[in-house]
Amino acid sequence: MGDMPPPIPVVVCGKAEIVGKPVIEGLKPEYEVILFCLGSDPTAAEVPWILKGQAPPVQSSYIGTGQYATPPAAIIMGAAWDAEDVAKVKAAVHSGAAAARTKPPLILRNDTSVPAPPPPGPGYASQLIRRMRACLARVVRGDEVEGPEQGVVWY
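These notes cover the structure that comes with them. All figures in this text were calculated on a predicted structure; none of them were measured in a lab.

A short note on the overall build of the protein chain
- Across its full length, the protein chain holds 4 helices and 5 strands.
- Counting helices and strands in the order they occur from the N terminus, the protein chain gives β-α-β-α-β-α-β-α-β.
- Compactness check: the protein chain gives a C-alpha radius of gyration of 14 Å against a globular reference of 15 Å for 155 residues, within 12% of the reference.
- In terms of its C-alpha atoms, the protein chain occupies a principal-axis envelope of roughly 45 × 40 × 30 Å.

See the structure below:
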């Protein structure tokens with residue numbers, strides 16, 4: 001039996017740790033949530049630091065692993081994020097990636113047109129995990145992934 005490849009580092013952004021914790025667990029072992037952020041302002045402030053391989057001086061949450069040596073492959077946003085939030089984070093990601101001389105991570109946004117149980121109710125996190133995993137698997141395979149916004153993939 002061969003060794004499993006190392007997990008792919010990702011950032012998950014949500015409104016509440018009560019949803020974030022099961023999402024983090026549900027993405028394992030293939031994906032490692034290195035940072036969990038609460039809100040677009042904290043995400044825009046924290047992600048540029050981790051793109052440089054450094055811990056943010058202030059974090060909105062500490063439920064991620066804090067392993068910042070490898071930049072995240074994706075920034076995954078939950079259902080509470082609107083277009084303005086996404087644009088703010090996207091600008092910070094691209095600016096941070098340019099400053100760190102690294103490729104910007106893929107940005108994934110929840111497609112709120114897909115019916116889902118209300119957060120944080122039963123089934124909400126498991127539905128998110130299923131959709132996140134399906135989208136990330138397409139990216140890992142090299143499939144073409146697109147969304148209605150340039151540079152943002154909806155899952």
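Remarks on the pattern of salt bridges
- Evaluation of the coordinates by the stated rule reveals 4 salt bridges.
- One salt bridge connects K88 with D41, and the closest N-O pair in it is separated by 2.6 Å. Highlighted residues: K88 in helix 3 (residues 83-100) and D41 in helix 2 (residues 40-51), separated in sequence by 47 residues.
- With a closest N to O distance of 2.8 Å, R141 and D143 form a salt bridge.
- Accessibility expressed as a relative area gives 55% for R141, which makes it exposed.
- Taking relative accessible area as the criterion, D143 reaches 34% and is therefore assigned partly exposed.

Some points on the pairing of strand 4 (residues 106-109)
- Two elements, strand 3 (residues 74-77) and strand 4, share 4 bridges in a ladder whose sense is parallel. What sits directly across from M77, in strand 4, is R109.
- Traced from strand 3 through helix 3 to strand 4, the parallel crossover comes out right-handed.
- The pairing of strand 4 with strand 5 (residues 152-154) spans 3 bridges and is classified as parallel. From the neighbouring strand, I107 faces strand 5, where its bridge partner is V152.

Points about helix 1 (residues 17-27)
- Looking only at helix 1, the buried set comprises V19, G20, V23, I24 and L27. Angularly, the buried residues of helix 1 cover 130 degrees about the axis, an arc narrow enough to put them on a single face.
- Close packing links the buried residues of helix 1 with strand 1 (8-14), strand 2 (31-38) and helix 4 (124-141).

Here we look at the side chain of Q127
- Relative to the assigned elements, Q127 resides in helix 4.
- Not counting residues within four places of it along the chain, the set of residues in contact with Q127 comprises A116 and P117.

Some thoughts on the packing of aromatic side chains
- Applying the stated criterion to the full structure yields 0 aromatic pairs.
- Geometry around W49 places K52 over its ring, the cationic atom sitting 4.4 Å from the centre.

Quick notes on the layout of surface pockets
- Its volume calculated, the largest pocket comes out at about 300 Å³.
- A73, K103, P104, P105 and L106 are the residues nearest the centre of the largest pocket, which is lined by 14 residues in total.
- Here the lining of the largest pocket is built from residues that sort into 10 nonpolar, 3 polar and 1 charged.
- Every residue lining the second largest pocket is counted, 20 residues in all, and those nearest its centre are G14, K15, V19, G78 and Y124.

Here is what the cut-offs are and how they apply
Every chain's residues receive numbers from 1 upward, in the order its sequence appears when written. Only residues with pLDDT of at least 70 are given local features in this predicted model, and only at 80 or more are side-chain atom pairs given and counted; all residues enter the totals for whole chains, interfaces and linings. Heavy atoms from the whole structure form the basis of all side-chain values; hydrogens and water molecules are not counted. Comment: elements are numbered from the N terminus, with helices defined as DSSP H or I runs of at least four residues and strands as E runs of at least two. For the radius of gyration, the atom set is restricted to C-alpha positions; the globular benchmark scales as 2.2 Å times the number of residues to the power 0.38. Each reported salt bridge corresponds to a side-chain nitrogen of Lys or Arg within 4 Å of a carboxyl oxygen of Asp or Glu. Relative accessibility under 20% of the residue-type maximum defines a buried residue, over 50% an exposed one, and the middle range a partly exposed one, all with a 1.4 Å probe and only protein chains included. The criterion for strand pairing is that DSSP finds at least two bridges linking the strands in question. The crossover handedness rule: strands pointing away from the viewer, path from first strand over the helix to second strand clockwise, crossover right-handed. Here, the arc refers to the directions that run from the helix axis to the C-beta atoms. Contact between two residues is taken to exist if any of their heavy atoms lie within 4.5 Å; hydrogens are not considered. Two rings belonging to Phe, Tyr or Trp (six-membered ring only in the last case) form a pair when the distance between their centres is within 6.5 Å. Interplanar angles under 30 degrees mark stacking, angles over 60 mark edge-to-face geometry, and anything in between is tilted. Any Lys NZ or Arg CZ found within 6 Å of a ring centre and within 35 degrees of that ring's normal is scored as a charge over the ring. Here a cavity denotes a set of grid points, spaced 1 Å apart and computed over the protein atoms alone, in which a 1.4 Å probe fits but from which it cannot get out, and a pocket denotes an open set meeting protein on both sides within 12 Å along at least five of seven lines; residues with an atom within 4 Å of a point are reported as lining. Grid points are joined across faces, edges and corners, and a volume is the space filled by probe spheres set on the points. For this classification, Asp, Glu, Lys and Arg are treated as charged, while Ala, Val, Leu, Ile, Met, Phe, Trp, Tyr, Cys and Pro are nonpolar and the rest, including Gly, are polar.

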